[in-house]
Amino acid sequence: MKRLFLYISIAAACSCHAAADNNSAFEAKVSEILSNNPTLASRRANAEAESLNLRADNNLSDPELEFEHQWGTPSVGGNKWSVSVSQSFDWPGVYHSRAKAADARSRAFGLLYLAEESDMRLRVSNTLTDYIAARKQLSLALEISGNLDDIARRISQMYDHGEATVIDYRKANFERVQALSRTDAARSQVDNLRFELIELNGGRYVDLDSLCEFPACDLKSEEFYLDRHESSDPAIMAGEYLSEAAAQTAKAAARSSLPGFSLGYIHNVELGEHFNGIKAGISLPVFANRHRRAAAKAEAEAVRHSAEETTLAVSRRVMTDYAAARMLTSRIDDYKRLFPDDGAAPDYLTLLRKSFDRGQISLVVYLYEINYYNQARSEYFNLLHQRALALLSLSRFD
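Residues numbered from 1 in each chain as written. Predicted model: local features only at pLDDT ≥ 70, side-chain atom pairs only at ≥ 80, totals over all residues. Heavy atoms only, no water.

Let's talk about the overall build of the protein
From N to C terminus, the protein includes 10 helices and 4 strands. When the helices and strands of the protein are placed in sequence order, the string is α-α-α-β-β-α-α-α-α-β-β-α-α-α. Expressed as a percentage of its 398 residues, the buried residues of the protein come to 35%. Expressed as a percentage of contacts within the protein between residues at least 6 apart in sequence, the contacts between residues at least 24 apart total 81%. As displayed, the protein offers around 22900 Å² of accessible surface, 55% of which is attributable to carbon and sulfur atoms. (Helix = DSSP H or I, 4+ residues; strand = E, 2+ residues; numbered from the N terminus. Buried < 20%, exposed > 50% of the residue type's maximum accessible area, 1.4 Å probe, protein only. Contact = heavy atoms within 4.5 Å. Areas by Shrake-Rupley, 256 points an atom, 1.4 Å probe, with all protein chains shown as cover.)

Looking at helix 4 (residues 92-160)
An ideal rise of 1.5 Å per residue puts 102 Å on 69 residues; helix 4 measures up with 100 Å between its terminal C-alpha atoms. Within two residues after helix 4, G162 carries a phi angle of roughly 75°, on the positive side. (Expected span 1.5 Å × (residues − 1).)

With respect to a nonpolar patch on the surface
Together, L338, Y348, Y368 and Y372 give the surface a local cluster of nonpolar side chains, amounting to about 440 Å² of exposed area. For L338, a relative accessible area of 52% gives the class exposed. (Patch = residues over 30% accessible without salt bridge, like charges linked within 9 Å, V, L, I, M, F, W, Y side chains within 5 Å. Salt bridge = Lys/Arg side-chain N within 4 Å of Asp/Glu carboxyl O.)

As for the pairing of strand 3 (residues 260-270)
Along a regular strand, successive side chains alternate from one face of the sheet to the other. Two elements, strand 2 (residues 80-89) and strand 3, share 9 bridges in a ladder whose sense is antiparallel. Residue pairing in the sheet places V85 in a bridge with Y265 of strand 3. (Pairing = 2+ DSSP bridges.)

Remarks on the sheet that holds strand 3
Taken in spatial order, the 4 strands line up as 1-2-3-4 in an open sheet, and their pairing is antiparallel. At either end of the open sheet lies a strand with only one pairing partner, and these are strand 1 (64-70) and strand 4 (273-283). Looking at each pair of strands side by side, their axes are set apart by 15° on average, direction ignored. (Axes fitted to C-alpha atoms, helices over the stretch in contact; angles between N-to-C directions.)

Quick look at the pairing of strand 2
Two strands pair when backbone bridges link them, and strand 1 and strand 2 are joined in this way by 7 bridges, in the antiparallel orientation. Bridge pairing in strand 2 places E66 opposite S84.

Thoughts on the packing of helix 4 against helix 9 (residues 348-357)
Taken N-terminus to C-terminus, the directions of helix 4 and helix 9 make an angle of 10°; their axes are 12 Å apart at the nearest point. As judged from the angle between their axes, helix 4 and helix 9 are roughly parallel. From helix 4, E143, I144, N147, D150, I151, R154 and I155 reach across to helix 9, where they touch L349, R353, F356 and D357. (Parallel < 35°, antiparallel > 145°, perpendicular 65-115°, else oblique.)

So, the packing of helix 5 (residues 166-200) against helix 10 (residues 363-394)
Interaxial distance between helix 5 and helix 10 falls to 10 Å at its minimum, and their mutual angle equals 15°. Judged on the interaxial angle alone, helix 10 and helix 5 are roughly parallel. As for the relative orientation of helix 5 and helix 10, their crossing is left-handed in sense. Across the interface between the two elements, D168, K171, A172, E175 and R182 of helix 5 pack against L363, V364, L367, N371 and N374 of helix 10. Grouping the amino acids of the contact of helix 5 with helix 10 by side-chain chemistry returns 4 nonpolar, 2 polar and 4 charged. (Left-handed = near helix turned anticlockwise from the far one by under 90°. Nonpolar A, V, L, I, M, F, W, Y, C, P; charged D, E, K, R; others polar.)

Some remarks on the confidence of the model for the protein
In the predicted model, the protein carries a mean pLDDT of 84, and 89% of its residues have values of at least 70. Ranking the helices and strands of the protein by mean pLDDT puts helix 5 first, with 94, and helix 1 (residues 2-12) last, with 41. Below a pLDDT of 50 lies the segment residues 1-17, which in the model reaches 14 contacts outside its immediate sequence neighbourhood of four places, other chains included. (pLDDT = per-residue confidence, 0-100.)

Some words on the nonpolar core
Judged by nonpolar contacts, the single largest core of 54 residues is most densely connected at V124, L128 and Y366. Secondary structure elements with two or more residues in this core: helix 2 (19-36), helix 3 (38-56), helix 4, helix 5, helix 8 (292-336), helix 9 and helix 10. For this core, the element with the most residues is helix 4, which contributes 18 residues. Leaving out residues up to four positions away in the same chain, L128 has contacts with F26, K29, V30, I33, L197, L208 and L211. (Core = buried A, V, L, I, M, F, W, Y, C linked by side-chain atoms within 4.5 Å.)

Observations concerning the pattern of salt bridges
The tally for this structure, following the rule as stated, stands at 19 salt bridges. With a shortest N-O distance of 2.6 Å, R304 and E301 are connected by a salt bridge. Of this pair, R304 and E301 both sit in helix 8, separated by 3 residues, roughly a single helical turn. In this structure E301 comes out as partly exposed when scored by relative accessible area, which is 36%. Note that D334 is salt-bridged to R331, the shortest N-O span being 3.3 Å. Of this pair, D334 and R331 are both found in helix 8, 3 residues apart, which corresponds to roughly one turn of the helix. It is possible to trace a salt-bridge network through shared partners that takes in R43, E50 and E116.

Dropping the structure here:
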């Protein structure tokens, strides 16, 4: 019983805060978890490494230093040797196209990281919202369990005095045990979500006592959300840069079909005489780039289609979430007439208990009504939960 009262006290300690304060506390907790998230830290380092690798790929090839020594007959002319240094390079326009492609890809990688950060922020927000919903379900389960525990105790006393039948005794205690099982399940859900949030927080403890209410957010027009997502979603902007990078890569591949060059300095010593000179070479890319140009064009086309697909997927996601939010808001308005937030209506369980104590309703009716209340209240919390998730998805770029 002490443990039961402890959980009831914890659930009762959750009070309604102002919407702004509640949202601020919620966002502060999201930011705290994101700052400690190891997945984001790893992805941030990977994005930086990928950008640096792109710049490294556009460097000139390393210079070549060659030394040659040949042994000859001393009486004729002796040994001879030579040393040379040379540098090879592609057609000059290739480097310019590669540099522009690398810059576009680097920007795309940065935006893709921001997209992953946005996805992780939404995941953390959703998990926190799930935790709030689980706490509300636990609070309800404790409320129902407490009422049924009192009823079962009273029926047991009546049974001991011959004032209740064995059927009533068993029914009351069966409902009590069922309520305890639902409470245990709700408590396990709260614990599991707490453990998940600790994992997202890099294994650090997360103080979640202040999270009692869902984040408040007004539902705006569908056009507003479509414009905001299409203009602010990093995944869409990354697709534009990837398309630009693919186009520049295709240009670089086309220019790579032009000859490459090499220049070098030579110093020879033969028969005691020193020779200085230069050497030049030209490479004809007959075989190396045979399919590279066509592959680059195909890649550019694939990236373009992928960018269009991303834009369409974002639009579909927004329209789906908006339709769900509107439907859920309508259903919630109906339930608010039963469960007003201002607490003006008399408590249903209090009225139900008074009716039972006064003998106005039987045990069977009481148990039926309390289960009805439990189902309706649980569904109300579920509607609030699902709407909060839809609004979080819609407002992720606000």
